[in-house]
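Results of the structural survey
Listed below, chain by chain, are the residues.
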Amino acid sequence: MLQYVINAFDGSDAEAQNRRMTARPHHLECVRKLKENGNFLLGGAILNESGQMIGSTMIVQFETETAFQDWFNNDPYNTMGVWQQTEVHPFRVANV
């Protein structure tokens, strides 16, 4: 399995929180499916000093790069414009 760590930050414009909250139920449903299929390892929201969600970090795994890209490009946080700045890196979860 190929593993990836994703650090994604929301926009900073006035509508950023509205976009996140609108897309959030759709994103979480997508993540639930990832978890059921064994693709989701860990993830959650990045918070600012006030506890407001401003981004996401996820560790996921897929059989192929193509399968990863297909999911990533179609995740609601991407398609609905929530994530504005993303970093994706190959990753290896420690076997401890």
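So, here's what we can say about the structure. Numbering of residues begins from 1 in every chain and follows the order in which that chain's sequence is written. A pLDDT threshold of at least 70 governs which residues receive local features in this predicted model, and a stricter bar of 80 or more applies before side-chain atom pairs are shown or counted, although totals over entire chains, interfaces and linings include all residues. Processing note: side-chain calculations cover all non-hydrogen atoms of the structure and skip hydrogens and water entirely.

**Observations regarding the overall build of the protein chain**
Runs of E in the DSSP output that reach at least two residues are strands. Runs of H or I that reach at least four are helices, and both are numbered from the N terminus. A count of helical and extended segments in the protein chain gives three helices and four strands. Shown N-terminal to C-terminal, the secondary structure of the protein chain runs as helices and strands in the order β-α-β-β-α-α-β. Relative to the globule expectation of 12 Å for 96 residues, the C-alpha radius of gyration of the protein chain, 13 Å, shows essentially globular dimensions. Note on definitions: a residue-residue contact is assigned when non-hydrogen atoms from the two residues lie within 4.5 Å. Within the protein chain, contacts between residues separated by at least 24 positions form 69% of all contacts whose residues are at least 6 apart in sequence. On the protein chain, roughly 6000 Å² of surface is accessible, and the fraction owed to carbon and sulfur atoms is 51%. Both charge centroids of the protein chain, one from 7 positive and one from 11 negative side chains, sit 6 Å from each other. With C-alpha atoms as the basis for the radius of gyration, the globule rule is written as 2.2 Å multiplied by the number of residues raised to the power 0.38. Per-residue accessibility takes into account occlusion by the displayed protein chains alone, with areas from the Shrake-Rupley method and a 1.4 Å probe. Neither His nor the chain ends contribute to the count of charged residues, in which Lys and Arg are positive and Asp and Glu negative. Where a charge lies is defined by one atom per residue type, namely NZ (Lys), CZ (Arg), CG (Asp) and CD (Glu).

**Let's talk about the pairing of strand 1 (residues 2-10)**
Being paired, for any two strands, means DSSP has found at least two bridges between them. Pairing between strand 1 and strand 3 (residues 53-62): eight bridges, direction antiparallel. Note on strand 3: the bridge partner recorded for Val-5 is Ile-59. Summarising the sheet, strand 1 and strand 4 (residues 83-91) pair through eight bridges and their orientation is antiparallel. Within strand 4, the position partnered with Asp-10 by the bridge is Trp-83.

**Topic: the nonpolar core**
Take the buried Ala, Val, Leu, Ile, Met, Phe, Trp, Tyr and Cys residues and link them wherever side-chain atoms come within 4.5 Å; each set so joined is a nonpolar core. Relative accessibility under 20% of the residue-type maximum defines a buried residue, over 50% an exposed one, and the middle range a partly exposed one, all with a 1.4 Å probe and only protein chains included. In this structure, Ile-6, Met-58, Val-60, Phe-68, Trp-71 and Trp-83 are the most contacted members of the largest nonpolar core, which totals 16 residues. If sequence neighbours within four positions are ignored, Val-60 has contacts with Leu-2, Gln-3, Tyr-4, Ile-6, Asn-39, Phe-40, Leu-41, Phe-68 and Trp-71.

**Concerning a nonpolar patch on the surface**
A patch is a set of surface residues, each over 30% in relative accessible area and not in a salt bridge, joined within 9 Å for like charges and within 5 Å for the nonpolar side chains Val, Leu, Ile, Met, Phe, Trp and Tyr. Salt bridges are defined by distance alone: a side-chain nitrogen of Lys or Arg within 4 Å of a carboxyl oxygen of Asp or Glu. Residues Leu-41, Leu-42, Phe-91 and Val-93 make up a contiguous nonpolar surface patch of about 330 Å² in total accessible area. With respect to the helices and strands, Leu-42 occurs in strand 2 (residues 40-47). Taking the relative accessible area as the measure of exposure, Leu-42 reaches 53% and is therefore exposed.

**Quick look at helix 1 (residues 16-36)**
For helix 1, spanning 21 residues, the distance from its first C-alpha to its last is 29 Å, which sits close to the expected 30 Å at 1.5 Å a residue. Elements in contact with the buried residues of helix 1: strand 1, strand 2, strand 3, helix 2 (65-74), helix 3 (76-79) and strand 4. Multiply 1.5 Å by the residue count of a helix minus one, and that product is the helix's expected span.

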